Structures are given as structure tokens and as C-alpha cells.
There are 2 protein chains.
Amino acid sequence: MDDRALLDGIRMIVGEKETTDDCSVLAVGDRFLVMTTDMLHEMTDFPAGMTDHEIGWMAAAVTLSDIASMGAEPADLLMAVGLDRPERLAGITDGAADCCRSVGARLAGGDIDRHTELTIVSTAIGFVAGDRILRRSGARPGDLVCVTGLPGAAEAGLKGDPRFWKNLITPIPRVREGIAFAEGGATAMMDLSDGIVLSLYDLSRASGVGFSLDPALFPRIPGMPDPEATDLFLYGGGDFELIATIPEDRFPIPGVDATVIGVVTTEMAILSGGHPVPPRGYAHRWE
Amino acid sequence: MDDRALLDGIRMIVGEKETTDDCSVLAVGDRFLVMTTDMLHEMTDFPAGMTDHEIGWMAAAVTLSDIASMGAEPADLLMAVGLDRPERLAGITDGAADCCRSVGARLAGGDIDRHTELTIVSTAIGFVAGDRILRRSGARPGDLVCVTGLPGAAEAGLKGDPRFWKNLITPIPRVREGIAFAEGGATAMMDLSDGIVLSLYDLSRASGVGFSLDPALFPRIPGMPDPEATDLFLYGGGDFELIATIPEDRFPIPGVDATVIGVVTTEMAILSGGHPVPPRGYAHRWE
């Protein structure tokens, strides 16, 4: 059973609408407050060799990326830290505070605890105007599909390519790009933390559409041969880039470096080069 | 080094004001948004014998209690769950949702992960009118000190008294009482999760005042002899009741069952029956 199957099981309790997007959504005046939480721990989420500062940065970045994926501006972030050694707290806190500052947010507090394995849960809130919020459910047939950055780079870093180590351990939350997509007329958006294909399956389910990707358009890891380069692009996790759908006449978004990789289709299938792609990628899995 | 010493160390990074109260505070229009996060895990926070539903309830209650302690009304709660066994998720989620509903809040989403030890982090937000927020810093000499409920009951339950097992495992967030204190003119408030004495040390530091308690006023566990009853009242943890200071002419608060246990003094000392009480109680401790 993987995370997505488990989540299906609790939709009855929490509500379908509440578990579809990267963030929960609450109307506050004429804006929406968006909120998200992520649990990370040392053995499965932090590659060996990271400093405490980098660990703190990454723990903040993963939730700030979720805020960005709704087209929202992040405000406050709280961090609960279960420490294996107390002396790690200062570096971790410092890294999280730096990541927050880099996107105009504030590390506003948290909780500390001890734990046999370093465990960090960061929770962030942000705000977005009522008519600007981007959900997973708005994609329409004919829209272009585009991505920021170089998906696959983080996994290339994990596999040992030193050029992409930084992509892996200090991801940049795409807050500026997310807001630009929202203002520029994008119809649906999410972040790529689990890889492009799993993200497309989520968007497909939420929007009731399919996707047809053109491999000739994929940005590639320089110097990497196929099929590895294409596989990494489609299935690599940990990039925290954005994937968005947008009407053709609204692309490109001024000031945003995004690559078109395909189109939204009517039939609920995920195709690459005309062939169906399986729903695999990075996902926690229960044996 | 205990939690409070560690927190002192990161005040430089996060900010003094941000680490003083039970919640972080963000101005949103003419209201304040308050936000708090708590990490709990099985070995240290959930007494043996609790059901998954009770565990979920408690994980939600501890943060909703922090929201209550600011005089705020809780809105949304997110729960990150690190599961040792996936089949526990439904019961835990159900318990958290029930606790949220009991105080008019919403379990709005969360994150799941696997973990060798069950670990739950709940994060809640709430709102309070700008002139109603209750911080730890507002206590003034001459104010009365009062508490809700029967502090010490949760620890009596932990020690095996079956009459108080429920106090321990399904604490009731004092949301209604917190709002009534805020509307009724209380000057400072916090919750009692770490026991009365540690809470008074926190209030003393934040407000620049002291406290003089009168043991003759303490509510007692029925049938328990002294000094155990007094000790449990002063130092017992896990009750999630509220402690508040309030001008004498504003007490009692209509509809709130609170007990006066002493007064706020000018000198920064914590006295009970005229004798200083040491700063001990429930606190995580690093050896």
C-alpha cells in the first residue's frame, strides 16, 4: 500500500476536496489561506552528507513549494523538530529561517522533541486572492502543459552527478514563478516532488482530463544518453519544480522560464510519444 | 539541557517575541491569526493502553489547547502522521477529526509517512479579534490567578487512578473557556500542559511579575492526602487546562468554572504558602 492508496482510505473522514490539492484551503475575507504540512526524516528523506543547515533549508522548502504550487504567497512557517542530538537544532533552525527569508516568509516558531531518528515536520501558510488560486482541478483539454527548471536533476544528483547535488539538497521553492503562473492565466498547477508522471496522474484525476507529452520537447540532463535521460525526466523525484497547464494564448508567462512538454487531452490517459506511461515514480511504499 | 534551555538558544534565530507565547501571531486584517505545532510520539507521549482513536484525539487536543490559550477560535488543523503500521491511520484520523469537530474546527488535511515509532505532529490555526488576544505578557500585580478544571488529574490518571484515566488520554481543549476569558477581561493566559509551576515561571518571565499562591485555595484530588495532593496540583503535567490572570473586579467570568489560587505580585518570585517553589514539572530533558 503506498501513500496514495492510504490517502484514498481516509478521504471518507477528511473529505475529498480537502485531500486533492497540495494545500488545504480556507476562505479568509476575500482571500484564501492555504496551509500544508510535510514530515521528513533522516533515513528516508535526507541524503547522507547533508549539513544541518541544508536539512533545515530542505524541510522548509518542501512546504513552501506546496504554497507556491497554489499560486500563493507564503507567510509563516512552523517547524517541529524531533532531535537525535540537541546540538543539531541551531543549524537546522538557521537553514529553515534562511529558506523562509529567501521567499519573503517568516520562520515563526515551532516545537522541539527528542527522537531516535531526526524527524522534522514543517507547516506553512500562505495567502492568495480568491480569483487567483490554482488548484489541480482546473486543467482543460487543449491547454499546454509546462514545467519550470530541469526535472530529473535532483535524482541525477542523488545518483552521484555532482553538477546536480545542490538541486537535490537545497531545492528552491518556485514562489515567484507560482504567483506569475496564477496571474498569467494558468488553469491548474502542482509541484513535482514525486516526479512528473505521478503529478500528471494526480492532475488527471482532479481535472478529469488526460495528457499527451512530446519527448522531443523534454529538457534533458546535459550529456546523459537515452533512455536514461527521458526516464529521469518523467519519473525522477525531489525536484520541487512546478507543473502547470495554461491556455495556448497565455503562454509564455512574462518573466517565467518554463518549458512546454505536451498538451491536455480529453481522454483520461497519460501518454508520452503516443505510448501510455505507468504511474510510477517516487512514492513511499508499504510492503 | 531541557526544552526551555534549547529554546533560549534559538531565540536569536527565530526572535524573542515569536517564541514567548503558545502560538505564533500574524496580523490578518483586523484580526490575529494564531498558529501552533506539536510533535508527539508513542514512547514518550501516549500512555500504554490508548486506542488509535484516543491517540488521534490527543494529538489534535494539544494544539487546539494552545489555540484556546490565546483566546482564539480554532479553524483548521493539519496532521502529519509517521506510521509504524499503516492500518492505524483510519483510527487516528477519526479521533483527530472528532476532537476538531468538538470545538468547531476542521481536520483539513495532512501528510503521511512511515516511521519506526508512531509519530504525530498536529498544527492548528485560529483567529482572534485584535483587541482580544491573550498573551503571556499581560499579567499585572494585583490580578487574580485562576485555573480551570482539576490540575493534577491527568497525572493522577497516569499513576493509575482509574477515575482520571479519561483526563489523561482525552483532554478537552478549553476553547469555550479561553474565549470567555478573553472577552471577560483576562490579562494573560497559557495552557497547563507542563504543570502549574512551570507555567507560572513562563508567565513570570513574559510579564515581569511574580506569583503568590495560597494552598488553601487549591482544588484537590478527592481522597488524596497531602503532601501528594498539593504536589500533584503544582507539578502534575498533561492537563491542558488554562491558567489566566484577571483583575479582581472582573472575576468571576460568567459561565466559566475557574478557581482562584493566588495573586500576581511585583517581585519576580513564585511562592506557594509564602515559600518559593522550584521550577520543576513535566519537561523533556536531555541527559
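Residues numbered from 1 in each chain as written. Chains lettered and ligands numbered in written order. Predicted model: local features only at pLDDT ≥ 70, side-chain atom pairs only at ≥ 80, totals over all residues. Heavy atoms only, no water.

Visitor: What exactly am I supposed to notice about the environment of Gly185(A) here?
Guide: Residue and element names in this part refer to chain A. Relative to the helices and strands, Gly185 resides in the loop between α7 (175-183) and β7 (188-191). Linking Gly185 and Leu134, residues 51 residues apart in sequence, is a C-alpha distance of 9.4 Å. Excluding residues within four positions of it along the chain, Gly185 makes contact with Ile246, Pro247 and Arg250. (Helix = DSSP H or I, 4+ residues; strand = E, 2+ residues; numbered from the N terminus. Contact = heavy atoms within 4.5 Å.)

Visitor: How should I be thinking about the domain arrangement of chain A in this particular structure?
Guide: A common way to state how big an interface is: give the accessible area lost once the parts meet. All names here are of chain A. Assigned domains within chain A: domain 1 (3-129) and domain 2 (136-276). Placing a centre on the C-alpha atoms of domain 1 and another on those of domain 2 gives a separation of 22 Å. With 26 residues of domain 1 in contact, the opposing surface of domain 2 contributes 25 residues. With both chains or domains summed, domain 1 and domain 2 bury close to 2,000 Å², and 59% of this area falls on carbon and sulfur atoms. Linking domain 1 to domain 2 there are 2 salt bridges. Close ionic contact of Glu54 with Lys166 constitutes a salt bridge, the shortest N to O distance being 3.8 Å. There are 4 residue pairs in polar contact (both at pLDDT 80 or more) connecting domain 1 and domain 2. Going through the elements one at a time, α1 (3-14), α3 (52-68) and β3 (73-83) are the ones with two or more residues in the side of domain 1 that touches domain 2. It is α3 that provides the largest number of residues to the side of domain 1 that touches domain 2, a total of 9 residues. Residue composition of the side of domain 1 that touches domain 2, by class: 13 nonpolar, 5 polar and 8 charged. (Domains from an automatic or database assignment. Buried area = accessible area lost by both parts, 1.4 Å probe. Salt bridge = Lys/Arg side-chain N within 4 Å of Asp/Glu carboxyl O. Polar contact = N/O pair within 3.5 Å; in protein donor to acceptor, adjacent residues only side chain to side chain. Nonpolar A, V, L, I, M, F, W, Y, C, P; charged D, E, K, R; others polar.)

Visitor: Explanation requested: the pairing of strand β5 (residues 119-129) of chain A in the structure shown.
Guide: Residues and elements named next belong to chain A. Most of β5 is tucked away, with 10 of its 11 residues classed as buried. Direction of pairing for strand β2 (residues 31-41) relative to β5: antiparallel, over a ladder of 11 bridges. Bridging from a neighbouring strand, Thr37 pairs with Thr123 of β5. Pairing geometry for β3 and β5, over 8 bridges, is antiparallel. Within the sheet, the bridge partner assigned to Gly82 lies in β5 and is Thr119. (Buried < 20%, exposed > 50% of the residue type's maximum accessible area, 1.4 Å probe, protein only. Pairing = 2+ DSSP bridges.)

Visitor: Explanation requested: the interface of chain A and chain B in the structure shown.
Guide: On the side of chain B, 57 residues touch chain A, which itself brings 57 residues to the contact. When chain A packs against chain B, the two sides together hide about 5,000 Å² of surface, and 68% of this comes from carbon and sulfur. Counting the contacts that link chain A with chain B gives 0 salt bridges. If you look at where chain A meets chain B, you find 11 residue pairs in polar contact (both at pLDDT 80 or more). Mapped by element, the contributors of at least two residues to the side of chain A that touches chain B are α1, β1 (24-28), β2, β3, α4 (89-102), β4 (106-114) and β5 of chain A.

Visitor: Could you clarify how one ought to interpret the packing of α3(A) against α4(A) in this entry?
Guide: What describes two packed helices is the angle between their axes and the distance between those same axes. Residue and element names in this part refer to chain A. Packing of α3 against α4 leaves a shortest axis separation of 6 Å and a crossing angle of 40°. Taken as axis vectors, α3 and α4 run oblique relative to one another. Viewed along their axes, α3 and α4 form a crossing whose handedness is right-handed. Together, Asp52, His53, Ile55, Gly56, Trp57, Ala60, Ala61 and Leu64 of α3 and Gly91, Ile92, Asp94, Gly95, Ala96, Asp98, Cys99, Cys100 and Ser102 of α4 make up the contact between the two elements. (Axes fitted to C-alpha atoms, helices over the stretch in contact; angles between N-to-C directions. Parallel < 35°, antiparallel > 145°, perpendicular 65-115°, else oblique. Left-handed = near helix turned anticlockwise from the far one by under 90°.)

Visitor: How should the confidence of the model for chain A be read in this particular structure?
Guide: Predicted coordinates in areas of low pLDDT are best not read in detail. With 91% of its residues at a pLDDT of 70 or more, chain A has an overall mean of 92. Across residues 283-287 of chain A the pLDDT falls below 50, and counting only partners more than four positions away or on other chains, this stretch makes 18 contacts in the model. (pLDDT = per-residue confidence, 0-100.)

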